[in-house]
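Working through the structure, step by step
Here is what each chain is made of, one letter per residue.
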Amino acid sequence: MYKRQDNYIRAARHQTSLEVLSQPEVFSDIQPEHTLYTSYDALAARKYDPSIPLGGWSKPRLINYSTPALGYQHHSLLHIFLPMMWKQNFKNGEFFRGKIILIGPVGNWTHDNHYTSYGFMPGVEIHANSIASILRQDYVKILNAPWIGGTLIFFMAFLTLFTMGRLKNAFAKLASIVVIDGFFLLGASLLFNSQTIVFPMAWSLIGITLTGITELTAQIIMEQLERRRVKSTLDKYVSKNVANYVLEDQNEFTQALGGKRKPVTILFSDIRSFTTMTESADEQELVKQLNEYFSTMVPLVYKTNGTLHKYIGDAIMAVWGDTHSYGTREDAVNATSAILKMTRDLKILNERWEKEGKWQSLKIGVGLNHGTVVVGNIGSAAEGAERMEFTVIGDAVNLASRLEGATKEFHTDRLIGESVAELVKDDFYLRSAGKLVVKGKTVPVAVFIPLEEKIPGENPTFDKVWLDQYEEAYQFYIKREFDKAEVLLKKCQEKEPSDYLCDRYIKEIAAFRIDPPGADWQGEFKMKDK
C-alpha cells in the first residue's frame, strides 16, 4: 500500500525492489539492474486471472474503492474450524471455490484500520479493494498533465464568456456561472463513474467562477460608467427626473412614451417685459443674466421633486407627478413650495444685482394648475426629421399657462388654480385673488395667491387678522352683498393702502352700483388675452 503524508491510503504499488524500499531517498524508481518483487495483491489477481498484464505496476496507482468499510462479504475464521458451520455455511469448502480469500483482522483491537477516500477501513479490506481494482482494470486515472489542466481551464473560461456574452441581465449571468459549474461537476461525475477518470476540477471551477465574476464585474462597471455618461448628457438637455426615469425605469418609460394619463401639477413661469429688455440690453450680458436666473430657479424645481420640461425663451415649464409621483396632494404641495421659493430667491437675486450694479432687476409671473393630462413622447418621427420631446398635454396645461399670464391682471407674481388650492389649503396660507374666465372657456376658475407655508406652532409673518377680514369681504363680494364687502375692504385698505386687490374690488363695487352684473354673474371677469 502507498500511504501519503496525510496518512490516507489512496494508492497501491504492485511491483518494487528492495533498493526502492530500503533507500527511497536514493532510488525513487526501479532501476534496470534491480530485482522486481510483485505484491501479494497482484499475485492473487494473476492467480485468479492469468491474462491480467503486469506491465507498469511499479508506479503507484489510485485504488478505486468500490465499497465502504466491511462492504465485502466477511466471515469469522473460527467458523471454518467448526464442523457444523463448515458443513452448513461453507458447504464443506465448496463455498470458497472460484473466489479470492483474504485473511486478516477487522476488529478495532488490532489497530489495523486506516484512512481511505471511503472512510476508516480495515487493512484487509483495503487489499480487497486493491485486488478488485486490478481485476476490473479500473484504477482511478487523474488527468493532471499541465497541458490538460490549461486546456480545460481555457475551454471552460471561453464557454463561460461565450454564454455570459449572450445574456444581458446581470442576475441571468450570475445564474449562468452556477449552471456552468453544475454541468461541469455533473460531467466530471459521469466521467468518473463510467471511466474512473478524474479531472483537475478545482482549477477548472476556479477558472469558471473567476472568469464569470470578472466578466460580471466588468459589465457592472461599464454599465455604471455608461449610465453616468448618458445621465450627464441627458441632464444637460432634460430634467434630472426625466433622465433618472429613462435610466432606472425603462419599461414604464417606454410605456409612457406612447401616452399615459396622469394627474399632475404644472408650472409656467415667465419674465415680465422681457421683449423690451432685449431691445436695449447687451446680448452677451443678457445671456449671462438669463443663465444666472435659470441657474437659481431650476434647482428649486429639482429640490421639490419636480421635472423641468422645457425652456420657452425666457419662460420655464415644470411638472410634478409626471415621471414619478409622491401622491397627488404631495405633488401639489411640492409645486406650491417651489413657486414661493422662486419668488423669494428672485428677490434675493435682484437685491444682489442691484448692490453689485450688475444688471437691472427681473420681475416674473408664475402660474400653477393641477389636472389630469397626457404624458408622453411627442414630436416628429419622420425619417430625417426625428425630433421627439417628453412632455405633457391637455386643458390643465393650457390653464396653467393662462394663470401665468393672469398674474398681470391681479398685479401679483404668483397665482394658483382652485384645483391646486383645494389640495394645499391645509399646508399654505392662501389669499383669494378672484375668479376669471380664460379665453376660449366659459366656466370661471377661482384663483389664489399663496402667501407662505403653514408651520405648526408658529404664527405667519403677515397680519392673519387682516387676511381673515379680506377673505370675509371677498365672500360678501361674491354673494353680491356689496355694501358689507365695501365696508370691510375699506378697513383692509386703511391698513394696506397700496393693496391692489382691495382697490380693485372697491372700484368694481362702485361700478356695479351703476351697472349691476347679470343674473349669471359669479364674481368672475373675462381675460381678453391669453
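Use the structure listed above.
The structure reproduced in this document is the subject of the present report. Computed from a predicted structure; not experimentally measured.

What to know about the overall build of the chain
Within the chain one finds 18 helices and 18 strands. A buried classification covers 41% of the 530 residues belonging to the chain. Counted over contacts in the chain with a minimum sequence separation of 6, partners at least 24 positions apart contribute 66%.

Re the pairing of strand β6 (residues 113–116)
Examined bridge by bridge, β6 and strand β7 (residues 119–122) share four bridges and lie antiparallel to one another. Paired with tyrosine 115 across the strands is phenylalanine 120, a residue of β7.

Section: the pattern of salt bridges
For the structure shown, the criterion picks out 19 salt bridges. We note a salt bridge from arginine 352 to glutamate 356, for which the minimum N-O separation is 3.4 Å. Taken together, the residues span about one helical turn, with arginine 352 and glutamate 356 both in helix α13 (residues 328–356) at a distance of four residues. According to the relative accessible area criterion, arginine 352 is partly exposed, its value standing at 33%. Across the pair arginine 513 and aspartate 483 runs a salt bridge, and its minimum N-O distance is 2.7 Å.

Points about the environment of histidine 74
Here histidine 74 is to be found in the loop between β5 (61–62) and α3 (77–80). Residues histidine 74 and glutamate 125 lie 51 residues apart in sequence; the distance between their C-alpha atoms is 9.5 Å.

Let's talk about a nonpolar patch on the surface
A surface patch of nonpolar side chains, amounting to about 460 Å² of accessible area, comprises Leu77, Phe81, Ile101 and Ile103. Using a relative accessible area of 43% as the deciding quantity, one classes leucine 77 as partly exposed.

Some points on helix α14 (residues 395–406)
A rise of 1.5 Å per residue sets the reference length of α14, with its twelve residues, at 16 Å; its end C-alpha atoms lie 16 Å apart and thus fit the reference within 8%. Where α14 is concerned, the buried positions are Ala396, Val397, Leu399, Ala400, Arg402, Leu403, Glu404, Gly405 and Ala406.

Examining the side chain of glutamine 469
Looking at where glutamine 469 falls in the secondary structure, it is placed in helix α16 (residues 464–478). In this view, glutamine 469 contacts Leu488, Lys491 and Cys492; residues no more than four positions away in its chain are not counted.

Description of the packing of helix α17 (residues 482–495) against helix α18 (residues 500–514)
Direction vectors running N to C along α17 and α18 enclose 150 degrees, while the axes themselves pass 9 Å from each other. Of the possible angle classes, the one that applies to α17 and α18 is roughly antiparallel. Classified by chirality, the crossing of α18 by α17 is left-handed. Contacts between α17 and α18 involve Phe482, Asp483, Ala485, Glu486, Leu489, Lys490, Cys492 and Gln493 on the former and, on the latter, Cys502, Asp503, Tyr505, Ile506, Ile509, Phe512 and Arg513. Grouping the amino acids of the contact of α17 with α18 by side-chain chemistry returns nine nonpolar, one polar and five charged.

Observations regarding the packing of α16 against α18
Contact geometry for α16 and α18: axes closest at 12 Å, N-to-C directions at 25 degrees. The orientation of α16 relative to α18 falls into the category roughly parallel. Note that α16 runs across α18; the crossing there is left-handed. Across the interface between the two elements, Trp466, Tyr470, Tyr474 and Tyr477 of α16 pack against Leu501, Cys502, Tyr505, Glu508, Ile509 and Phe512 of α18.

Some thoughts on the pairing of strand β16 (residues 428–437)
Of all the ten residues making up β16, nine are buried; the element is thus mostly covered by neighbouring parts of the structure. Bridge analysis of β16 against strand β17 (residues 445–453) gives eight bridges, and the strand direction is antiparallel. Looking at β17, one finds that glycine 434 is bridged to valine 447.

Points about α13
Over its 29 residues, α13 extends 42 Å from the first C-alpha to the last, a length consistent with the 42 Å expected when each residue adds 1.5 Å. One or two steps after α13, the chain reaches glycine 357, where phi turns positive at roughly 65 degrees.

Observations regarding unusual backbone geometry
For asparagine 92, which is not glycine, the phi torsion reads 60 degrees and is therefore positive. Along the polypeptide, asparagine 92 turns up in the loop between α4 (83–88) and β6. Phi is positive for histidine 411, which is not a glycine, with a value near 55 degrees.

Overview of the nonpolar core
Generally speaking, a soluble globular protein has its nonpolar side chains buried in company with each other. Leu267, Tyr293, Ile416 and Val424 are the most contacted members of the largest nonpolar core, which has 40 residues in total. Ranked by residue count, the leading element in this core is α13, at ten residues. Beyond its immediate chain neighbours, meaning those up to four positions away, valine 424 contacts Ala332, Val333, Thr336, Ile416 and Leu430. In this structure, Ala433, Val438, Phe476 and Leu489 belong to the second largest nonpolar core, which totals 32 residues.

Comments concerning the environment of arginine 387
Assignment of secondary structure puts arginine 387 in strand β14 (residues 387–393). Residue arginine 387 is classed as exposed on the basis of its relative accessible area of 58%. Here the alpha-carbon distance between arginine 387 and asparagine 377, two residues ten residues apart in the chain, equals 9.8 Å. Excluding residues that lie within four positions of it along the chain, arginine 387 makes contacts with Ile378, Gly379 and Ser380.

Quick notes on the packing of aromatic side chains
Taken as a whole, this structure holds 21 aromatic pairs when the rule is applied. For the pair tyrosine 477 and phenylalanine 512, a centre-to-centre distance of 6.4 Å together with 25 degrees between the ring planes defines the contact as stacked. In this pair, tyrosine 477 is assigned in helix α16 and phenylalanine 512 in helix α18, connecting sequence segments 35 residues apart. According to the relative accessible area criterion, phenylalanine 512 is buried, its value standing at 16%. An aromatic cluster is built from Tyr474, Tyr477, Phe482, Tyr505, Phe512 and Trp521, whose rings are joined through pairwise contacts. Here lysine 99 stacks its cationic end above the ring of phenylalanine 95, 5.0 Å away from the centre of that ring.

Cut-off values and rules
Every chain begins its residue count from 1, and numbering advances along the sequence as written. Totals for whole chains, interfaces and linings use every residue, but because this is a predicted model, local features are given only for residues with pLDDT of at least 70 and side-chain atom pairs only at 80 or more, for both listing and counting. Side-chain numbers here rest on the full set of heavy atoms in the structure, without hydrogens or water. For the purposes of this entry, the term helix denotes a DSSP run of H or I that reaches at least four residues, the term strand denotes a run of E that reaches at least two, and both are numbered from the N terminus. Remark: exposure states derive from per-residue accessible area (1.4 Å probe, protein chains only) relative to the maximum for the residue type, with buried under 20%, exposed over 50%, and partly exposed in between. When checking whether two residues touch, look at their non-hydrogen atoms; a contact exists if any pair is within 4.5 Å. A pair of strands counts as paired when DSSP detects no fewer than two bridges linking them. Salt bridge, as used here, is a side-chain nitrogen of Lys or Arg placed within 4 Å of a carboxyl oxygen of Asp or Glu. Nonpolar side chains (Val, Leu, Ile, Met, Phe, Trp, Tyr) are joined into patches within 5 Å and like charges within 9 Å, using only residues with over 30% relative accessible area and no salt bridge. For every accessible area listed, the method is Shrake-Rupley and the probe measures 1.4 Å; residues are considered covered only by the protein chains on display. Expected helix span is computed as 1.5 Å times (number of residues minus one). Whenever a helix is involved, its axis is fitted only over the stretch in contact; in every case the axis is a line through C-alpha atoms, and angles between N-to-C directions fall within 0 to 180 degrees. Working rule for angles: under 35 degrees goes down as roughly parallel, over 145 as roughly antiparallel, 65 to 115 as roughly perpendicular, anything else as oblique. Handedness of a crossing is defined here by the sense of rotation of the near helix relative to the far one, left-handed for an anticlockwise turn of less than a right angle and right-handed for a clockwise turn. All residues other than Ala, Val, Leu, Ile, Met, Phe, Trp, Tyr, Cys, Pro, Asp, Glu, Lys and Arg, Gly among them, are scored as polar; the first ten of these are nonpolar and the last four charged. For the purposes of this section, nonpolar cores are sets of buried Ala, Val, Leu, Ile, Met, Phe, Trp, Tyr and Cys residues that join through side-chain atoms within 4.5 Å. Geometry of aromatic contacts follows a simple scheme: Phe, Tyr and Trp rings, the Trp one being its six-membered ring, pair when their centres are within 6.5 Å, and the pair is stacked under 30 degrees between planes, edge-to-face over 60, tilted otherwise. Two conditions define a charge sitting above a ring: the NZ of Lys or the CZ of Arg must be within 6 Å of the ring centre, and it must be within 35 degrees of the ring normal.

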